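Below, each chain spelled out in residue letters.
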Amino acid sequence: MQSNNGGTRIRSTTVLLVQRNGEVAMAGDGQVTLGETVIKGNARKLRRLSNGNVLVGFAGATADAFSLLARFESKLEQFQGQLERSAIELSKDWRTDKYLRHLEALLIVADKTDAFLISGKGDVISSDEGLLSVGSGSMYALAAARAMIKHTDLSAREIAAESLRIASEICIYTNADIIVEEL
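Enquirer: I would appreciate a short explanation of the sheet that holds strand 7 (residues 54-60) in the present structure.
Expert: Strands pair in a sheet through their backbones, by hydrogen bonds, and they do so in one of two ways: parallel or antiparallel. The sheet built from 5 strands is open, its strands ordered 6-7-8-9-10 with antiparallel pairing. Strands with a single pairing partner mark the edges of an open sheet, and in this sheet they are strand 6 (46-49) and strand 10 (124-125). Bridge analysis of strand 8 (residues 105-110) against strand 9 (residues 115-118) gives 4 bridges, and the strand direction is antiparallel. When the sheet's bridge partners are listed, Leu107 is paired in strand 9 with Ile118. Against the sheet, helix 1 (residues 62-78) contacts strand 6, strand 7, strand 8 and strand 9, and its axis sits at roughly 155 degrees relative to strand 7.

Structure (structure tokens):
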């Protein structure tokens, strides 16, 4: 993300969702980096919404993500907890609203049965393989999770945590202060 000075980038996350054998786990690291400096090591990038029935993870500008979280929570209330409908309606608003369309963040939302990656470009993406990721180290975490899904019997929680730990060893914008939430 570009700051107002046009050069310094804030990099702030790796979030991974794993669905396996009826289990849902989302893991996020705690690092926030400004340029080449770690400015926070224990940020919490996962939230529970809808009476704990929905997990949300975010990457990008924190203030933007919190604005989107509030909007998504109101969509969940409006559509009685229907995750897919709420995600689609948030994506529509995000893309067309003058204020929202400038927000720089990505969201992963999940309940016990569905999960979606939501972007400000109008994307509402589900995963065929039960894996979604966002953030600076997301491709490392995703690759690790894919290997573990194919070659181990680990639980969703174990795969999410270990994949983020592996990403933290490769990506300088990801740390090993990992939080895992499960449904």
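Enquirer: Quick question: what am I supposed to make of unusual backbone geometry here?
Expert: Positive phi is not limited to glycine here, since Asn21 has a value of about 50 degrees. For Asn21, the location among the structural elements is in the loop between strand 2 (14-20) and strand 3 (23-28). Phi angles above zero are rare outside glycine, and Asn51 is one such case at about 60 degrees. Residue position: Asn51 is located in the loop between strand 6 and strand 7.

Enquirer: What am I meant to see in the sheet that holds strand 3 here?
Expert: Read from one edge of the open sheet, 4 strands run 11-2-3-12, paired in antiparallel fashion. Lying at the two open borders of the sheet, with one neighbouring strand each, are strand 11 (131-135) and strand 12 (179-182). Between one strand and the next, the sheet's axes are offset by a mean angle of 15 degrees, whatever the strand orientation. The pairing of strand 3 with strand 12 spans 4 bridges and is antiparallel. Note on strand 12: the bridge partner recorded for Met26 is Glu181. Each of strand 2, strand 3 and strand 12 is contacted by helix 4 (residues 156-170), which is oriented at about 155 degrees to strand 2, the strand it contacts most.

Enquirer: Help me understand helix 3 (residues 138-151) in this model?
Expert: Within an α-helix, residues lying three or four positions from one another point in the same direction, as the helix has 3.6 residues per turn. Taking 1.5 Å as the rise per residue, helix 3 with 14 residues should run 20 Å; its terminal C-alpha atoms sit 20 Å apart, in good agreement. Residues Ser138, Ala141, Leu142, Ala144, Ala145 and Met148 constitute the buried set of helix 3. Viewed end-on, helix 3 has its buried residues packed into an arc of 165 degrees, placing them on one side of the element. Pointing more than 90 degrees away from the buried face of helix 3 are the exposed residues Met139, Lys150 and His151. Turning to helix 3, the residues buried within the fold contact strand 2, strand 11 and helix 4.

Cut-offs applied
Residues numbered from 1 in each chain as written. Predicted model: local features only at pLDDT ≥ 70, side-chain atom pairs only at ≥ 80, totals over all residues. Heavy atoms only, no water. Pairing = 2+ DSSP bridges. Helix = DSSP H or I, 4+ residues; strand = E, 2+ residues; numbered from the N terminus. Contact = heavy atoms within 4.5 Å. Axes fitted to C-alpha atoms, helices over the stretch in contact; angles between N-to-C directions. Expected span 1.5 Å × (residues − 1). Buried < 20%, exposed > 50% of the residue type's maximum accessible area, 1.4 Å probe, protein only. Arc of directions from axis to C-beta.

Interpretation in functional terms is not warranted from these geometric data alone.
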